[in-house]
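Coordinate analysis (summary)
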Amino acid sequence: MESLSTILPNTSPNPSRHDESSEAKEAKTEFYIGETAELDKVQTTLIDVTESTGSEYNQPNEGNVFVLCEFEICNNSDTEIAVSSMLSFEAYCDDYTCSGSFSALLEKGDKNQLDGTVAAGKKFKGVVGYEVPEDWKELEIRYTPDYWNGNDIVFIANK
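Parameters at a glance
- Residues numbered from 1 in each chain as written.
- Predicted model: local features only at pLDDT ≥ 70, side-chain atom pairs only at ≥ 80, totals over all residues.
- Heavy atoms only, no water.
- Buried < 20%, exposed > 50% of the residue type's maximum accessible area, 1.4 Å probe, protein only.
- Helix = DSSP H or I, 4+ residues; strand = E, 2+ residues; numbered from the N terminus.
- Pairing = 2+ DSSP bridges.
- Axes fitted to C-alpha atoms, helices over the stretch in contact; angles between N-to-C directions.
- Salt bridge = Lys/Arg side-chain N within 4 Å of Asp/Glu carboxyl O.
- Polar contact = N/O pair within 3.5 Å; in protein donor to acceptor, adjacent residues only side chain to side chain.
- Contact = heavy atoms within 4.5 Å.

1. Here's the deal with the pairing of strand S5 (residues 64-75)
Burial analysis of S5 places ten of its twelve residues in the buried class, which makes it a mostly covered element. Relative to S5, strand S4 (residues 42-52) runs antiparallel, the two being bridged by ten bridges. Looking at the pairing, Val 42 lines up with Asn 75 of S5. In terms of strand pairing, S5 meets strand S10 (residues 123-133) through eleven bridges, oriented antiparallel. Following the sheet pairing, Cys 74 is matched in S10 by Lys 123.

2. Focus: the sheet that holds strand S12 (residues 153-158)
Pairing is mixed in the open sheet, where five strands are placed in the order S2-S12-S11-S7-S8. Two strands in the sheet have a free side with no partner beyond their single neighbour: strand S2 (30-32) and strand S8 (96-98). Averaged over all pairs of adjacent strands, the angle between strand axes in this sheet comes to 30°, irrespective of strand direction. Judged from the five bridges that link them, strand S7 (residues 89-93) and strand S11 (residues 138-143) form a sheet pairing that is antiparallel. What sits directly across from Phe 89, in S11, is Tyr 143.

3. Here's the deal with the pattern of salt bridges
A side chain with one charge can pair with a side chain of the opposite charge if their charged atoms come near. Under the definition given, this model contains five salt bridges. A salt bridge links Glu 35 to Lys 28; the shortest N-O distance between them is 3.4 Å. Looking at Glu 35, the relative accessible area reads 23%, which means it is partly exposed. Under the relative-accessibility criterion, Lys 28 is labelled partly exposed at 44%. The shortest N-O distance in the salt bridge between Glu 140 and Arg 142 comes to 2.7 Å. Looking at Glu 140, the relative accessible area reads 11%, which means it is buried.

4. A look at the side chain of Thr 45
By the element assignment, Thr 45 lies in strand S4. Looking at Thr 45, the relative accessible area reads 14%, which means it is buried. Polar side-chain contacts of Thr 45 include one of 2.6 Å to the side chain of Thr 36. Other than its neighbours up to four places away in sequence, Thr 45 contacts Gly 34, Glu 35, Thr 36, Glu 70, Phe 71, Glu 72 and Phe 155.

This is the structure:
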């Protein structure tokens, strides 16, 4: 497996531009590998994005690869939250919708699948998986911590 954060340690489009005053004025809407977003006292970080060609008995369709996205969710709210890799996340690869892949999740090794609950004040680390074309350029992952309020956090991974 090849880690994209190892290949591209800073995937932000403007890595050298850091104007703190303009960041404070304008709310950030997209986050990249290693950046933490907070919504309703829930902090979410896209820790790493890993590509895999599968294993002996589990391979993506020809011309595709598996992409595993590892997240850490820190619940600083007063209530338990539910996290579902299928219901809380949606993804777009090069602007085309892509569904979660159970086959990709088989390649997660000893990492948790991102499904479960997170008690108030606790953390959860796990992965969601997708099958995408091997020549993909950008993967956009939208995480909705609270399905009912409809707000989501957008993470971007560039190859």
